[in-house]
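One-letter residues, chain by chain:
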Amino acid sequence: MRTLESFVAAMIAKSQSSTGAASRGNRRKDAKSRVLAIFTCLFVPFVAGSVIGCGGTSIHNVSSTTSPSQPAQSSTTLPCDIYFNTGTPCVAAHSTTRALFATYDGPLYRVQRSSDNTTLDVGLLKAGDYANAAAQDTFCAGTYCTVTKIYDQTANHNDLTIGPAGGADPADVGVPANGLPVVAGGHSVYGLSFTGGQGYRNSKTTGIATNGEPEGMYMVASGTHVNNNCCFDYGNAEVSGNNTGNGHMDAVNFGVECWFLPCTGAGPWVQADLENGLFASDWGYNTNPANTGFPQPFVSAWLKNDGQTKMALKGGDAQSGALTTEYAGSLPTISSGYIPMSQEGSVILGIGGDNSNNSVGNFFEGVMTGGYPTDASETDVQANIVNVGYDVVKANSATAGKLAVGSEISIQVTSSGYTNAYLRREGSDGAYGYGGIIASQLSSSSAAADLGDATWVVRTGLADSTCFSFESRNHPGEFMRHYSYVAYSEPWTGAEATAKDATFCAVAGNAGSGYSFQSKNYPTKYLRLYEGSAFVAAEGGSNAWDAKASYGQDTTFLVVNPLKP
Ligand code: AHR
């Protein structure tokens, strides 16, 4: 017999399964008053690289490995060598993927793990080469790691650390260390995926342009992970973290901020954040008919500014081809303060000058130069970037439809009464704007958008590299997670708790086939389909969706080929 509480919960769940925005919002408010469950399951970490969870056989997440046949970065002239040889040396060089000088053999970035707060500096496979991401995988296995420092590869040591509070927003948080696995030079490495609230800054720099000095910069970002919030920037900003006026910033911006019409195309656009404005030209703020945007998965975004009269914006597909000059002309005259510039010499990444930190974006590498770089040097640096062979982690015939990191999958439910039904993102979540997760009956003739919503990219578990996270195919940067034990598709916030909410450990299916997905932070709970919606549920628990009936079948899923072709 049902208790009153479980009856009410069942009613709430039923109304939620019809995905009213308000009901999901209310569930979040309810969740704030919940007391965290005590882990009742003995979680036995690492025995020869495996994890044994509660009540199931573990399925290992085997990290993708470096192909031994891949050469090291063969070029003796990496980006900062090119800039040095052409008279505009790098004054800052940041990357989590590779060396930017042929002779560099120091650390690239620092990760901190939550299990004991210790840190690891991730370096290179060898001098001038690619990141030794395997060291990070080993260090972070079974726990949650964030990136706390991005080293400057120049002698200036303009290292970036997690940004302090600024005029616009409170202090930033670090980016999860394993959130953006990519391939560079044939090696498995990590980029940085910013999902809001995250950012890095150094306000005590050496060698960065100030007060009208010339400089150049580029960053490699992604055209597939952007938004229209301020400000996914890399470059020069205020020392105080406050907006100190026009011309006090000089940073390359990449996103879909179109604050002043007209803009051209859908973006995302390479623009100059010069403070109090993102500029695509001197023809109005965002206005530039030639600036149609770069939607590619890897994009190089370029800005140079002589500090006195002129600037240039360029962009390129970082996987192939040459640069396009979007603009080369006068600094903005629409408002005073940009001629001459008044840069302050702080370096920022992923935020605006006043620490506006609601933007999203991906970052792989970036450089700032002293002096106004030549077009020829930028052409050569673009060629070097293309030569890296940046790529997403692709499924292959061995991994397609399998629970392998980088693979695209669909997750078929096995609950009684559901035929050809798959877990999919659906709708939007009221004030939060993200999706719920339900089961939908789909076939190859279903709408492409629906098939994409039922396709997930398998990622290394955000909170445990022996487990998995599932990133939405249609909404990159969103992950399947639970909140108040209800499943959603949402960006993770950078907080450890969110990473755990989005991490599932795969065990043999509770009903004897396929998989069951055990919640990382609530090991007694498994992903479950209940009355058409997804939850995390413990058999016989107090929520309606914990019901014993059909528990085994409802927590058992088949990992199948991705519905989205
Ligand atoms: O210029 C755009 C943004 O405006 C800056 O990055 C920020 O400091 C201000 O809010």
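Structure first, text after, so check above.
(A) Examining the overall build of the protein chain more closely. Scanning the protein chain for helices and strands turns up eight helices and 35 strands. Sorting the 565 residues of the protein chain into buried and exposed places 58% on the buried side. Carbon together with sulfur atoms contributes 55% to the accessible area of the protein chain, which is approximately 20000 Å² in total.

(B) Region of the structure containing helix α5 (residues 375-388). With 14 residues, α5 ought to run about 20 Å at 1.5 Å a step, and its terminal C-alpha atoms sit 20 Å apart, in line with that. Listed as buried for α5 are Ser377, Glu378, Val381, Gln382, Asn384, Ile385 and Val388. With its buried residues spanning 160 degrees around the axis, α5 presents them on a single face. Seen from the buried face of α5, the exposed residues on the opposite side, beyond 90 degrees, are Ala376 and Asn387. Taken together, the buried residues of α5 touch α3 (79-85), β9 (180-184), β12 (215-221), β17 (299-305), β18 (310-317) and β22 (365-370).

(C) Representation of the site of the ligand within the structure. Near the ligand lie 13 residues; those nearest to it are Asp273, Glu275, Asn276, Gly277 and Asp354. Between the ligand and Asp273, the relevant distance is 2.6 Å, taken from an oxygen atom to a side-chain nitrogen or oxygen of the residue. Here Asp354 contributes a side-chain N or O atom positioned 2.6 Å from an oxygen atom of the ligand. Taking 280 Å² as the accessible area of the ligand by itself, protein coverage stands at 90%.

(D) How the structure looks around unusual backbone geometry. Between Cys230 and the following residue, Cys231, the backbone shows a cis peptide bond with an omega angle of -10 degrees. Of note, Cys231 is situated in the loop between β12 and β13 (233-237). The linkage connecting Gly267 with the following residue, Pro268, adopts the cis geometry, with an omega of -5 degrees. Following the sequence through the fold, Pro268 ends up in the loop between β14 (250-255) and β15 (269-273). We note that Tyr485 has phi near 70 degrees; this positive angle belongs to a residue other than glycine. Mapped onto the secondary structure, Tyr485 falls in the loop between β29 (478-483) and β30 (486-491). Even without being a glycine, Ser550 presents a positive backbone phi close to 65 degrees. Inspection of the secondary structure assignment puts Ser550 in the loop between β34 (533-537) and α8 (551-554). With a relative accessible area of 46%, Ser550 lands in the partly exposed category.

(E) Quick look at the side chain of Thr369. Its location among the elements puts Thr369 in strand β22. Of the residues examined, Thr369 reaches a relative accessible area of 2% and is grouped as buried. Looking at Thr369, its side chain comes within polar contact range of the main-chain oxygen of Gly371, at 3.1 Å. Among residues more than four places away in sequence, those in contact with Thr369 are Tyr83, Thr88, Pro89, Cys90, Val91, Pro214, Glu215 and Gly216.

(F) Structural view of the pattern of salt bridges. The tally for this structure, following the rule as stated, stands at 16 salt bridges. For Arg459, the salt bridge is made with Glu471, and the minimal N-O distance between the two is 2.6 Å. On the criterion of sequence distance, the pair formed by Arg459 in strand β27 (residues 456-460) and Glu471 in strand β28 (residues 468-472) is long-range, its members being twelve residues apart. Across the pair, exposure class does not vary: Arg459 and Glu471 are buried alike. The shortest N-O distance in the salt bridge between Arg528 and Asp554 comes to 2.8 Å. Remark: Asp554 occurs in helix α8 and Arg528 occurs in strand β33 (residues 526-530); sequence separation between them is 26 residues. Just as Arg528 is buried, Asp554 falls in that class too. Through salt bridges with shared partners, a single ionic network connects Lys304, Lys314, Asp375 and Glu378.

(G) Expanded view of the pairing of strand β19 (residues 324-330). Where β18 and β19 come together, six bridges link them in antiparallel fashion. Bridge pairing links Met311 to Gly329 in β19. Taking the residues between adjacent antiparallel strands as the criterion, β18 and β19 are bridged by six residues, where Gly321 takes a positive phi near 85 degrees.

(H) Seen up close, the packing of aromatic side chains. According to the stated counting rule, one finds 18 aromatic pairs in the structure shown. Arranged with centres 4.4 Å apart and planes meeting at 25 degrees, the rings of Phe260 and Tyr285 form a pair that is stacked. Here Phe260, found in the loop between β14 and β15, pairs with Tyr285, found in the loop between β16 (278-279) and β17; they are 25 residues apart in sequence, far enough to count as distant. Exposure remark for Phe260: the relative accessible area of 41% places this residue in the partly exposed category. The exposure class of Tyr285 is buried, given its relative accessible area of 16%. With a centroid separation of 5.2 Å and 85 degrees between ring planes, the pair formed by Trp283 and Tyr327 is classed as edge-to-face. One end of the pair, Trp283, is in the loop between β16 and β17; the other, Tyr327, is in strand β19, with 44 residues separating them in the sequence.

What counts, and at which threshold
- Residues numbered from 1 in each chain as written.
- Predicted model: local features only at pLDDT ≥ 70, side-chain atom pairs only at ≥ 80, totals over all residues.
- Heavy atoms only, no water.
- Helix = DSSP H or I, 4+ residues; strand = E, 2+ residues; numbered from the N terminus.
- Buried < 20%, exposed > 50% of the residue type's maximum accessible area, 1.4 Å probe, protein only.
- Areas by Shrake-Rupley, 256 points an atom, 1.4 Å probe, with all protein chains shown as cover.
- Expected span 1.5 Å × (residues − 1).
- Arc of directions from axis to C-beta.
- Contact = heavy atoms within 4.5 Å.
- Near = heavy atom within 4 Å.
- Polar contact = N/O pair within 3.5 Å; in protein donor to acceptor, adjacent residues only side chain to side chain.
- Salt bridge = Lys/Arg side-chain N within 4 Å of Asp/Glu carboxyl O.
- Pairing = 2+ DSSP bridges.
- Phe/Tyr/Trp six-rings, centres within 6.5 Å; stacked < 30°, edge-to-face > 60°.

Honestly, it's all geometry; don't read function into it.
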